[in-house]
Amino acid sequence: MLTNPLWRQPLAAFRETLRQWVYGQDADGPMHMAIFMDAACVAGDPAMLQEARSHLDRILSGQDQYLARFAAAADQFQEPGNWFKRLTTKRDEQALDLKKLGTFPIVHGVRALALQYGVREHGTAARLAQLVAKDRLDAGLARDLLDALHLLMGIRLTHQIHQRSQGQAASNEVKPSALSTLEREPLHAALAIVRRFRAFLRQHFKFDTL
């Protein structure tokens, strides 16, 4: 980031950049916004970052269409049509991408809600806690999402460690045949929670109007 002129602008210029991300046609705008949402001050004057965030809150007021476009990325990857069967049939060799189908929809969906409601915390767990505290998200759904996220991350990490131990490149794709019964059943439940969250996002942000 320090070598990228986009992220080294004076505050006044960066405020205009934020405006362009919201009102302009930059195809990379949503990606840049996601990066900015996770920015944290590690040196210098933290008030500058806070002012940029406050400016963003102001220009996002009433921008339901932009928020819907930003949130829609969480719903871009579709489950295979027979995904339930894949998790209940150990012989199935067609892999499931745990990042695209699991962790990313949770992380980005929560990020979109945080953007909408001005939640400044970093990390999905802290954002979920604040969304519940602000009465913007059901506490039961928030708990389920956090549990699902931790389980998905754990299965993916275990799988990647095994791949590396076999001299293979680590990937996000897991074959049901490589999972034990004690992994497949919780994974099915976790992906069902993700599916429910994506349905919530579609209704909440009105994706059908895009």
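The structure we're discussing is the one just above.
Because the structure is predicted, anything quoted here is derived from the model rather than measured.

## Some remarks on the side chain of Arg-53
Link 1 in the chain: Inspection of the secondary structure assignment puts Arg-53 in helix H3 (residues 46–60).
Link 2 in the chain: Despite being buried, Arg-53 has no salt bridge partner; Asp-57 is the closest side chain of opposite charge, sitting 4.9 Å away.
Link 3 in the chain: Reaching out from Arg-53, the side chain makes a polar contact with the backbone oxygen of Val-119 at a distance of 3.4 Å.

## Re unusual backbone geometry
Link 1 in the chain: If you check the backbone angles, Asp-135 has positive phi at about 60° while not being a glycine.
Link 2 in the chain: Looking at the secondary structure, you find Asp-135 in the loop between helix H7 (124–133) and helix H8 (139–165).
Link 3 in the chain: Owing to a relative accessible area of 68%, Asp-135 belongs among the exposed residues under this scheme.
Link 4 in the chain: Even without being a glycine, Lys-206 presents a positive backbone phi close to 55°.
Link 5 in the chain: By the secondary structure assignment, Lys-206 is in the segment after helix H9 (181–205).
Link 6 in the chain: Since its relative accessible area comes to 49%, Lys-206 is described here as partly exposed.

## A few points about the packing of H7 against H8
Link 1 in the chain: In contact at an axis separation of 9 Å, H7 and H8 are set at 175° when each is read in the N-to-C sense. As the angle between them shows, H7 and H8 are arranged roughly antiparallel. Within the contact between the two elements, H7 uses Thr-124, Ala-125, Leu-128 and Val-132 and H8 uses Ala-139, Ala-142, Leu-145, Leu-146 and Leu-149.
Link 2 in the chain: Considered class by class, the residues forming the contact of H7 with H8 number eight nonpolar, one polar and no charged.

## A closer look at the nonpolar core
Link 1 in the chain: One finds Met-33, Phe-36, Leu-56, Leu-115 and Phe-205 to be the most contacted residues of the largest nonpolar core, which totals 50 residues.
Link 2 in the chain: Every element with two or more residues in this core is listed here: helix H1 (11–23), helix H2 (29–37), H3, helix H4 (64–71), helix H6 (98–117), H7, H8 and H9.
Link 3 in the chain: For Phe-36, the residues in contact, after removing those within four places along its chain, are Trp-7, Phe-14, Leu-18, Trp-21, Leu-49, Ala-52, Arg-53 and Leu-56.

## Overview of the packing of H2 against H6
Link 1 in the chain: Axis separation between H2 and H6 bottoms out at 11 Å; the angle between their running directions is 80°. The orientation of H2 with respect to H6, classified from their angle, is roughly perpendicular. The segment H2 lies against H6, with Met-33, Ala-34 and Met-37 engaging His-108, Arg-111, Ala-114 and Leu-115.
Link 2 in the chain: Tallied by class, the residues present in the contact of H2 with H6 amount to five nonpolar, one polar and one charged.

Calculation notes
- Residues numbered from 1 in each chain as written.
- Predicted model: local features only at pLDDT ≥ 70, side-chain atom pairs only at ≥ 80, totals over all residues.
- Heavy atoms only, no water.
- Helix = DSSP H or I, 4+ residues; strand = E, 2+ residues; numbered from the N terminus.
- Buried < 20%, exposed > 50% of the residue type's maximum accessible area, 1.4 Å probe, protein only.
- Lys, Arg positive; Asp, Glu negative; His and termini not counted.
- Salt bridge = Lys/Arg side-chain N within 4 Å of Asp/Glu carboxyl O.
- Polar contact = N/O pair within 3.5 Å; in protein donor to acceptor, adjacent residues only side chain to side chain.
- Axes fitted to C-alpha atoms, helices over the stretch in contact; angles between N-to-C directions.
- Parallel < 35°, antiparallel > 145°, perpendicular 65-115°, else oblique.
- Contact = heavy atoms within 4.5 Å.
- Nonpolar A, V, L, I, M, F, W, Y, C, P; charged D, E, K, R; others polar.
- Core = buried A, V, L, I, M, F, W, Y, C linked by side-chain atoms within 4.5 Å.

The values reported here are purely geometric and, on their own, carry no functional implication.
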